[in-house]
Every structure is written in C-alpha cells, then in structure tokens.
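Analysis of the macromolecular model
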Amino acid sequence: MHPAFSILFFTTLAGAAQGLVFTLALAALFGLELAPGFMAVALGLAEVMLVAGLAASFLHLGRKMRAWRAVLMWRTSWMSREVIVLPAFIALVALWAVSLQMGIGAPWSWLLPLLVLYGAVLLWYCTAMIYACLRFIEEWAHPLTVVNFTLIGLSSGLVLACALAALWGESRFVQLFGPWALAATLAAWIARGTALRRNARLRHKSTLQSATGIRTQKLVQKSMGMSGGSFNTREFFHGASLAALRNMKLGFLVFAFALPAALALWGVVGAAAWPWLLAVLVQAPGLLAERWFFFAQAKHPQNLYYQVVS
C-alpha cells in the first residue's frame, strides 16, 4: 500500500495525544496531586495534537467539502465511527480542561477523567479496526493490529507525559508513571515484533494462479496491460525497494522502541529530565517510520494484476 503522509501524521500524532490524556486521566483518578499549570499545559498540548491530527486527516480526502458525509455509514463503517468518536473525544478533553480551570469539583473531578479514559480506548479501537477489518489485506486482518495501535499510542503518550512532568518538576508523577512508560514501550516492541514475524510467515490466499485460473507454477506476468500509471498504481504501491523496506524496519525498531526504552530506563533509574526529553525526540521519527512500514508492508490483492509497467 502507498503510505500517505497525512494518515501517518494523523495516526501517530492522535495516538500519542490519546496516550497523554489517558495518562493524565489515570493520574487524576489515582488522586495524584498535580500543579494546575502542569495539567493545563499537558491537556492543552494534547488538544493541539488532536486538532492537528484531525486537520491532517482532511488532506487525505479528495473532496474536503463532503467530509461531513463520512458519518453517514456509522452502522457498518469503522471509519465513520472514528469520525464520530474523534471530535467527541476532542470535546471531552476540552471540557475537562475548562472544568479544571474553573475549579469545578465532584462529580466532574472523577467523571470527566473516566469518560476521557474510555474515549481514548474507544478511539484507538475504532482507528485500528479501519485496517483490521479488511480481510483481503492479510497483514492487517489480525487482532495484533488493534493491540499495536493501542500499545504504541500508550507508549508514546506515557513517554511524552513523563517528559512534560520532568520539565515541570513533577517528580512524583515521573516516579509513578516512568516504569509504566518503560513497560508500555517494551510491550509495544514485543507486540510489533510478533506482528512482523507473523507477516513474514504469511502465505497469501490469492495468487496469480488463483486469479487467472492458470495452474502452472511458471506463470509470470510481463505487463499490466497499460503503458502508464493510474490510480491503482499510485494508491496501492509504495515504490520503495526491498533494501529501503529493510532499512525502514530496522530504523523504526531502534528509534520507536529500543532507544526510547533504554532512555526511559535511564530516566527511571537516574531521575533526570533529559533522558525523557531525548526519548520523545527519538521516538517521534521512529513512530512515523513504524506507521510508514505498517502501510508499505500491506499487500493489496489487486497488485497481482498491476505489477509492472511495460
């Protein structure tokens, strides 16, 4: 598949924002006393990230003025459900931030964090199911897709939350959630590695033989039947070499998981702020690379026909 940058940006940015808000909600439900300024900055950053992700998703649309029609198929489409849940989640985060600024007490002090917590999980599920429900793309059609979207979002959000807390001097927050950030990053690394091994062993159901009805094992396609490219060749091919795919895979495993985990461990043991900041800076490009590989590795069955341009 062709990795559209707008979708890469949206899924990674929104996922990290969900993880950040999820962490703040847990802190509130645990009764952790935090400085009002820290909560305001953290929730404000999450809101900006969510809105920026939503704006980026519009860039992927052909006719942006018809974006509202995406909600009409909510009964059957996971994308429609995501389009409904995302603005609702943004509104919930904004409402929570306003309630904190106004000093509104119970029951909002625990009800809004609880709603935000469930909203983040629901949004991760809706986003992941857009891809996991596509049975004809076998690399995605597996529960690990949902697991990976959730764990990667948790990992990036927890690391970002710890970096903000370390900058703000919220040592208790870092002491509590630093080990969680490390555990989430390691869990995301394990789950993503499991998905990579599964996809490497895949034997696709659709082949040239099954598509054409010609059973010979020596069947080779020489031409795709046209002299130039088309929508199919632009949207369902990434155009990268096998060497580029291998390098991207190694890159995201190192930058999205290995280095952030090492820096998180340093931050937990050393109680310093800079390892958390460095972890955020290292993980950001790694997450984009991971999501690029997620799309590029997926093989659409139509590529059996549109293989080469001659």
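The rules behind the values
Numbers given for residues are sequential positions, taken from 1 along each chain in its written order. Reporting in this predicted model follows two pLDDT cut-offs: at least 70 for local features of residues, and 80 or more for side-chain atom pairs to be given and counted; totals over whole chains, interfaces and linings ignore these cut-offs and use all residues. Values shown for side chains rest on all heavy atoms present in the structure; no hydrogens or waters enter the calculation. Helix axes are fitted to C-alpha atoms over the stretch in contact, other axes to C-alpha atoms as well, and angles between N-to-C directions run from 0 to 180 degrees. Each helix corresponds to a stretch of at least 4 residues labelled H or I by DSSP, and each strand to a stretch of at least 2 residues labelled E; elements are numbered beginning at the N terminus. For classification purposes, angles smaller than 35 degrees are called roughly parallel, those larger than 145 roughly antiparallel, those between 65 and 115 roughly perpendicular, and all remaining angles oblique. In this scheme the handedness of a crossing depends on how the near helix is turned from the far one: anticlockwise by less than a right angle means left-handed, clockwise means right-handed. Residue contacts are counted whenever heavy atoms from the two residues lie within 4.5 Å of one another. By nonpolar core is meant a set of buried Ala, Val, Leu, Ile, Met, Phe, Trp, Tyr and Cys residues that side-chain atoms within 4.5 Å join together. Three labels apply to residues, based on accessible area from a 1.4 Å probe with only protein chains included: buried if under 20% of the type maximum, exposed if over 50%, partly exposed otherwise in between. Confidence per residue, as judged by the predictor, is encoded in pLDDT with a range of 0 to 100. Only one rule defines a salt bridge in this text: a Lys or Arg side-chain nitrogen within 4 Å of an Asp or Glu carboxyl oxygen. Expected helix span is taken as 1.5 Å per residue step, with the number of steps being one fewer than the number of residues. Here a Phe, Tyr or Trp ring, Trp counted by its six-membered ring, pairs with any other such ring whose centre lies within 6.5 Å, and the pair is stacked when the planes are under 30 degrees apart, edge-to-face when over 60, and tilted otherwise.

Two quantities define a packed helix pair, namely the angle between the helix axes and the distance between the axes. Closest axis-to-axis distance for the helix H2 (residues 36-58)/helix H3 (residues 78-102) pair is 10 Å, and the angle between their directions is 160 degrees. It follows that H2 is roughly antiparallel to H3 by the angle criterion. Two packed elements cross with a definite hand, and for H2 against H3 that hand is left-handed. Of H3, the residues touching H2 (which contributes Met39, Ala40, Leu43, Glu47, Leu50, Val51 and Leu54) are Leu86, Phe89, Ile90, Val93, Ala94, Trp96, Ala97, Leu100 and Gln101.

This part takes up the nonpolar core. By size, the foremost hydrophobic cluster in this structure holds 89 residues, and its most contacted members are Leu24, Trp96 and Phe173. Broken down by secondary-structure element, the contributors of at least two residues to this core are helix H1 (5-29), H2, H3, helix H4 (108-132), helix H5 (143-168), helix H6 (171-200), helix H9 (242-270) and helix H10 (274-297). With sequence-adjacent residues up to four places away left out, Trp96 is seen in contact with Val21, Leu24, Ala25, Ala28, Met39, Leu43, Leu112, Pro113 and Val116.

Tracing the backbone through its elements, the reader meets Ala271 in the loop between H9 and H10. Owing to a relative accessible area of 68%, Ala271 belongs among the exposed residues under this scheme. Separated by 93 residues in the primary sequence, Ala271 and Gly178 have C-alpha atoms spaced 9.4 Å apart.

Averaged over all residues, the pLDDT of the chain is 87; the fraction at 70 or higher stands at 91%. For the chain, the element scoring lowest by mean pLDDT is helix H8 (residues 231-235), at 70; H5 scores highest, at 96.

The next point concerns the pattern of salt bridges. In total, this model carries 2 salt bridges according to the counting rule given. Notably, a salt bridge pairs Arg192 with Glu290, separated by 2.6 Å at the nearest N-O pair. One end of the pair, Arg192, is in helix H6; the other, Glu290, is in helix H10, and 98 residues separate them in sequence. Looking at Arg192, the relative accessible area reads 3%, which means it is buried. The exposure class of Glu290 is buried, given its relative accessible area of 2%. Ionic pairing is found between Glu290 and Arg291, a salt bridge with its closest N-O pair at 3.1 Å. Here the salt bridges share partners, and the residues they tie into one network are Arg192, Glu290 and Arg291.

What follows covers H5. Because the α-helix completes a turn every 3.6 residues, residues three or four places apart line up on one side. Its 26 residues give H5 an end-to-end C-alpha distance of 38 Å, which sits within 8% of 38 Å, the value for a rise of 1.5 Å per residue. Burial of H5 is extensive: 21 of the 26 residues sit out of reach of the surface.

Okay, the packing of aromatic side chains next. Enumeration over the complete set of coordinates arrives at 19 aromatic pairs. Ring geometry for Trp140 and Phe295: centres 5.6 Å apart, planes at 85 degrees, overall edge-to-face. Note that Trp140 is positioned in the loop between H4 and H5 and Phe295 in helix H10, a separation of 155 residues in sequence. Among the residues examined, Phe295 registers a relative accessible area of 7% and is labelled buried. The interplanar angle of 40 degrees and the centroid separation of 4.8 Å between the aromatic rings of Phe173 and Phe177 together place this pair among those described as tilted. Highlighted residues: Phe173 and Phe177, both in helix H6, separated by 4 residues, approximately one helical turn. Accessibility expressed as a relative area gives 0% for Phe173, which makes it buried. Relative accessible area serves as the criterion here: at 0%, Phe177 is assigned to the buried category. What links up through ring pairs into an aromatic cluster is the set Phe30, Phe38, Phe173, Phe177 and Trp180.

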